[in-house]
Amino acid sequence: MTPEELAERLVPDAPVGLPYPHFVRDDALPSSLVEGLLEWMETRAAWRLHTASFFEQYELDLAASAVPQNCQVIFAAQTLSAIALRYGAVFKREMTTHARVTAHRLVSGQTIGIHTDEPHGDSETHRLLVHLNRGWCAENGGEMLLLKGRDISALHSIIPPHSNRAVGFEMSDHSFHAVAKVTNWERYTLIFSFWANDRPHPPRTMHVPMPQREQVLVFLREYGAASILHSGSCLLNHLIGVERTLDRWGAPLHTRLAGLLHSIYGTEGFPAHSDVTCKRIAAMVGREAAELVFLFCEMDQNSLLDSVSARRPLLRARNGALLNVTLAQIDELLLINLANMADQLPRIQSLKEVVHEDSVAYRRIRPYLTIVVRSELDALFERLLARNVDAESENSIEAIRSFISETGGDDILYGRTTLSSFLSAIEAWVSTRDGAAEVRIAAIAHGLYGWKADFSEQNRAIVRVVAGEAAERLAWLFAASDDAAIAEAHEAFEGAGEFILKLKGMQGRTEIVTPHEISCLSMLARAVKEIT
Amino acid sequence: MSAPSRIVAVPRLGTGDSCEVSGALARIFHDCTPQLIGETARTLFYEMVSVHAAQAPIDIDLVAAALGSLGIQRNEISAWRRIEDDPLSCRRFAVMLEHTHALEAWCGSPLLKADQRPGMLLHIDAHDDLNSPSLWPGVDKWEFFAPMGPDVMSLDDPTTVRSFATRGFIGIGGFIAPLIAASRLHSILHVSEPSHADGHYVASLSIGISPNTGFIQVEKHPPAKPGTPYRRLNLTAAIDAAMAFEGHVLLDIDLDAFCNRYDSYGGSTVSDAEALSAIREAERLLISSGIVRRAAVTTIALSPGFFPGCLWANALDFVDTLRKACFN
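This one's a predicted model, so the numbers in the text were calculated from it and none came from an experiment.

(A) Inspection of the overall build of chain A at higher detail. Across its full length, chain A holds 18 helices and 17 strands. Relative to its 532 residues, chain A shows a buried fraction of 51%. Long-range pairs, those at least 24 residues apart, make up 71% of the contacts in chain A with a sequence separation of at least 6. Total accessible area on chain A is roughly 24600 Å²; 53% of this is exposed by carbon and sulfur atoms.

(B) Quick look at the overall build of chain B. When you go through chain B residue by residue, the secondary structure sums to 11 helices and 15 strands. Going through the 328 residues of chain B one by one, you find that 55% of them count as buried. Long-range pairs, those at least 24 residues apart, make up 69% of the contacts in chain B between residues at least 6 apart in sequence. Surface accessibility of chain B: about 13400 Å² in total, with carbon and sulfur atoms responsible for 53%.

(C) Here's a closer look at the side chain of aspartate 256 of chain B. Residue and element names in this part refer to chain B. Tracing the sequence through the fold places aspartate 256 in the loop between strand 14 (249-254) and helix 9 (272-289). Nearest to the buried, unbridged aspartate 256 among oppositely charged side chains is arginine 232, at 12 Å. The contact partners of aspartate 256, leaving out residues within four places of it in the chain, are Asp125, Ala126, His127, Ser303, Phe306 and Phe307.

(D) Structural view of the pattern of salt bridges. Enumeration over the complete set of coordinates arrives at 44 salt bridges over all chains. Note that glutamate 376 of chain A is salt-bridged to arginine 248 of chain A, the shortest N-O span being 2.6 Å. Separated by 128 residues along the polypeptide, glutamate 376 of chain A in helix 12 (residues 371-409) and arginine 248 of chain A in helix 5 (residues 235-248) bring together distant segments of the chain. A relative accessible area of 47% means that arginine 248 of chain A is categorised as partly exposed. As a salt-bridge pair, arginine 323 of chain B and glutamate 84 of chain B come within 2.8 Å of each other at their nearest N and O atoms. Of the two residues, arginine 323 of chain B is situated in helix 11 (residues 312-327) and glutamate 84 of chain B in strand 4 (residues 81-85); the sequence distance between them amounts to 239 residues. Classification of arginine 323 of chain B by relative accessible area gives partly exposed; the value is 25%. Residue class for glutamate 84 of chain B comes out partly exposed when judged on its relative accessible area of 22%. Overlapping salt bridges bring together Glu394, Glu398, Arg401, Glu427 and Arg440 of chain A as one network.

(E) Representation of unusual backbone geometry. Residue and element names in this part refer to chain A. Between leucine 18 and the following residue, proline 19, the backbone shows a cis peptide bond with an omega angle of -5°. Structurally, proline 19 is set in the loop between helix 1 (3-10) and strand 1 (22-25). A positive phi angle, near 50°, is found at asparagine 184, a position not held by glycine. For asparagine 184, the position within the fold is in the loop between strand 10 (176-179) and strand 11 (187-196).

(F) Examining the environment of leucine 85 of chain A more closely. With respect to the helices and strands, the residue leucine 85 of chain A is situated in helix 3 (residues 77-91). Note: C-alpha distance between leucine 85 of chain A and threonine 97 of chain A (12 residues apart in sequence) is 6.9 Å.

(G) Representation of empty space enclosed by the protein within the structure. Residues and elements named next belong to chain B. All told, the structure shown has 3 cavities of 30 Å³ or more when counted by the stated rule. In this structure, the largest cavity spans a volume of roughly 120 Å³. In this structure, the largest cavity is lined by 15 residues; those nearest its centre are Arg6, Asp31, Ser78, Ala165 and Thr166. If one sorts the elements of the lining of the largest cavity by residue count, helix 6 (residues 158-167) sits on top with 3 residues. Residue composition of the lining of the largest cavity, grouped by class: 4 nonpolar, 7 polar and 4 charged. Within this model, the second largest cavity holds a volume of roughly 60 Å³.

(H) Fine view of the nonpolar core. Residues and elements named next belong to chain A. Counting 62 residues, the largest nonpolar core has Leu220, Leu261, Leu338 and Leu377 as its most contacted members. If you tally residues by element for this core, the top one is helix 10 (residues 327-344), at 9 residues. Among residues more than four places away in sequence, those in contact with leucine 220 are Ala225, Leu236, Leu239, Leu260, Leu261 and Ile264.

(I) The confidence of the model for chain A, seen in detail. Chain-level pLDDT for chain A is 85 on average; 93% of the residues reach the 70-or-more range. Every residue in residues 203-209 of chain A is under pLDDT 50, and counting partners more than four places away or in other chains gives 6 contacts.

(J) Here's a closer look at the sheet that holds strand 15 (residues 297-301) of chain B. All names here are of chain B. The sheet built from 9 strands is open, its strands ordered 4-5-15-14-6-10-13-11-12 with mixed pairing. Each end of this open sheet is capped by a strand with a single partner; those strands are strand 4 and strand 12 (216-221). Shown here is a sheet whose adjacent strand axes are inclined to one another by a mean of 20°, direction ignored. The sheet strands contacting helix 11 are strand 4, strand 5 (92-96), strand 14 and strand 15, and the helix crosses strand 5 at an angle near 170°.

(K) Quick look at helix 1 of chain A. Residue and element names in this part refer to chain A. The complete set of buried residues in helix 1 reads Leu6, Ala7 and Leu10. What you see down the axis of helix 1 is that its buried residues fit within an arc of 100°, all on one side. The secondary structure elements touched by the buried residues of helix 1 are strand 1, helix 3, strand 6 (126-132) and strand 9 (165-170).

(L) Just a nonpolar patch on the surface, in detail. On the surface, Ile114, Ile152, Leu155 and Ile158 of chain A cluster together into a nonpolar patch covering about 320 Å² of accessible area. Along the chain, isoleucine 114 of chain A turns up in strand 5 (residues 112-115).

(M) Just the sheet that holds strand 2 (residues 32-39) of chain B, in detail. On the basis of which strands lie adjacent, the open sheet formed by 5 strands has the order 15(A)-14(A)-1(B)-3(B)-2(B) and mixed pairing. Because the sheet does not close on itself, it has two edges, and the strands there are strand 15 (417-418) of chain A together with strand 2 of chain B. Direction of pairing for strand 1 (residues 7-11) of chain B relative to strand 3 (residues 43-50) of chain B: antiparallel, over a ladder of 5 bridges. What sits directly across from valine 10 of chain B, in strand 3 of chain B, is leucine 44 of chain B.

(N) Representation of the packing of aromatic side chains in the model. Counted under the stated rule, the structure contains 15 aromatic pairs over all chains. Arranged with centres 5.0 Å apart and planes meeting at 20°, the rings of tyrosine 362 of chain A and phenylalanine 381 of chain A form a pair that is stacked. With tyrosine 362 of chain A in helix 11 (residues 352-365) and phenylalanine 381 of chain A in helix 12, the pair connects residues that are 19 residues apart, well separated along the chain. This pair shows no difference in class: tyrosine 362 of chain A is buried, exactly as phenylalanine 381 of chain A is. Ring geometry for phenylalanine 258 of chain B and phenylalanine 318 of chain B: centres 6.1 Å apart, planes at 70°, overall edge-to-face. Linking phenylalanine 258 of chain B in the loop between strand 14 and helix 9 with phenylalanine 318 of chain B in helix 11, this pair joins segments that are 60 residues apart in sequence. Take phenylalanine 318 of chain B: its relative accessible area is 1%, and that puts it in the buried class.

(O) Expanded view of the interface of chain A and chain B. Counting residues at the interface gives 24 residues for chain A, matched by 25 residues for chain B. Both faces combined, the contact of chain A with chain B buries some 1800 Å², and carbon together with sulfur accounts for 59% of it. Here chain A and chain B share 2 salt bridges between them. For aspartate 411 of chain A, the salt bridge identified is with arginine 167 of chain B, shortest N-O distance 3.8 Å. Connecting chain A to chain B are 11 residue pairs in polar contact (both at pLDDT 80 or more). Within the residue set of the side of chain A that touches chain B, elements represented by two or more residues are strand 14 (413-414), strand 15, helix 16 (469-480) and helix 17 (483-496) of chain A. Looking at the side of chain A that touches chain B, the element that brings in the most residues is helix 16 of chain A, giving 3 residues.

Scoring rules and cut-offs
Residues numbered from 1 in each chain as written. Chains lettered and ligands numbered in written order. Predicted model: local features only at pLDDT ≥ 70, side-chain atom pairs only at ≥ 80, totals over all residues. Heavy atoms only, no water. Helix = DSSP H or I, 4+ residues; strand = E, 2+ residues; numbered from the N terminus. Buried < 20%, exposed > 50% of the residue type's maximum accessible area, 1.4 Å probe, protein only. Contact = heavy atoms within 4.5 Å. Areas by Shrake-Rupley, 256 points an atom, 1.4 Å probe, with all protein chains shown as cover. Lys, Arg positive; Asp, Glu negative; His and termini not counted. Salt bridge = Lys/Arg side-chain N within 4 Å of Asp/Glu carboxyl O. 1 Å grid on protein atoms, 1.4 Å probe; cavity = no way out; pocket = protein on both sides within 12 Å on 5 of 7 lines; lining within 4 Å. Points joined across faces, edges and corners; volume = space filled by probe spheres on them. Nonpolar A, V, L, I, M, F, W, Y, C, P; charged D, E, K, R; others polar. Core = buried A, V, L, I, M, F, W, Y, C linked by side-chain atoms within 4.5 Å. pLDDT = per-residue confidence, 0-100. Pairing = 2+ DSSP bridges. Axes fitted to C-alpha atoms, helices over the stretch in contact; angles between N-to-C directions. Arc of directions from axis to C-beta. Patch = residues over 30% accessible without salt bridge, like charges linked within 9 Å, V, L, I, M, F, W, Y side chains within 5 Å. Phe/Tyr/Trp six-rings, centres within 6.5 Å; stacked < 30°, edge-to-face > 60°. Buried area = accessible area lost by both parts, 1.4 Å probe. Polar contact = N/O pair within 3.5 Å; in protein donor to acceptor, adjacent residues only side chain to side chain.

Structure (structure tokens):
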């Protein structure tokens, strides 16, 4: 099929006029091309998530992607020129032969709000979309909506996204369109952009090619990175993930390239898998990136953190030798280090110690980060640590509950119930009121005092091992004080500005407690009162 | 089934001190002494220890008798019992130390299970054992709520009866009341001193609720009032009456009927020889009358703390003779 024949197949002779000039064409591409493109996009294409105010979707820059040989015809310059010319005839506009092609992927839950793509400046004037997917039904959503205005009440027509259906339209200040929410399905679209001659077309350099990146990816595949296990995935995925994270954070090209190779010589936590010379790396990505790769692999991570905190280059090799770096390189190494964390931590979150260590390291250097990096990592650590705290507290509660149960708590009578049931009821009461983890643990653990443990420091230390420090202290304080003492501490706070809790039966011992502790103790007291 | 824990956690309420709590626990848990094992500002933890283990027994032969005659330790005295069923006749024979366990033996009896008509209790005992157990009435008349904890005792489930008995909720003098409450007794014949010929006290028993505790309690009324007839007879008259009864008979013997030497409310002055003689005479009457083979359940309690330990070896011969008569 010639480029002209392909263009004729894609674009009909005349558009529909309402709500704005557009057309719909089914069976737009040869089926072998559809299958080849779909197979590639589903399995090998490097999608990147793009989130904006009115949409979220995965995007693919086809000019920068290694499109399979048998599919390249659709993106060939002659084909794009032929389509552009046909657009000129159909929409009765003089078109340039310049074109750009990208692809979009929407997955379940994603949608695109109402917008016009109104052409301004040097942006495109016409679009051609080609839907590619594995069957569609109405329950899948993802229809293209054409509207007469900016509100959904102005809906004009709904175009189902049948596979191999092309939709073309002219963009203007009233080309309102949207995409309905996708459900349990993946919606792939090729997006061809064209420029009318009366609009400035974009500079040819609009897409910055990354030949080095492609080279690095080829090198990494040869290196075997796709089959080396790393953080619950393969090394290649991790390296690409780090590079994407750096890209998202606005890192310059050489830092992104260094991110792609950051562990190639082996790092503190990851061994090298074959000998690679610095010379080869430098030849591939340039001196700047190669230096970062070398430093990253060589450095002692703590010395990087020291350098950031001190704002002085104190970087040392793992053998203790001082490394010669600039402050700018320290910042770049830090960014690679953080991108490394951001990519792998979600996959290894079950390794609590790693999450904990990284969070401690992150807290140390957080003040020196940009808002973009900080906000992403804040959210990540909040999520990971919350999961860890939840899991740890559940483990503690279960361990203490089992201990009490196995050592007779199920048979110890407590009013109309048993000690085990009573303690569990307090814990459930606290839990349903979103009490903090330490209060829930203390609700169970306080039952140990007076029975399995006296108030001695030795016993407290044993309980602390299972309950954790904060929860054990709460349990101990609660067991050692009555409601009157807690109320009295409140009054003392109002009068003297501090909480002093009188402990019962401890030779008049008092304990200074924090406002948080007194609020936790009050919650426990309320729980006991309501349950008994 | 292991014996339930005898630890009790008591929330501190108001200004009540541990002495008051101990007193209250002693009233709830029969035949136990509360021992404070730990306390916090909010909770007092007590272990309810059997009186046999908590105190040096007045009967100095008791511990040696338990070990020598039955091979059991002092702390096992309160829970020990042995229950056997004859596979052919389905008659049940049970021997125990504390009389409390008679209730479990009655509740699991194959003959009583098969025939739910109220039986006659022939109760040979120095005491009437009509005290109040620490039980709250349940939804059905054969069910009872525990005074502490979530458990329910059902007379149809001997394991729950065993659990309540070992926890101390029933007591050595309160094990008959649940049967009266459940209308499982046609009448009670009480022989308090088998060797004496007097008696003939007659009353009618019903179950009421203690205004102080809410526990069930046996109330004695004049015989004309409706209720479970209670008659105090001598042994011969009681055996005659039981033999004439058409339903099942529960033969229940507490050896303190022959010698109630260590009863803290006034022990008997019967000598060892007199006691053994009375036992032999009762043995003769019980076997020759045929009442042992007539009874659906025979329960015999050695009653530590009442019947002297020095006579246990002879008493166990008596038990063995009756057992043979029952099963052969």
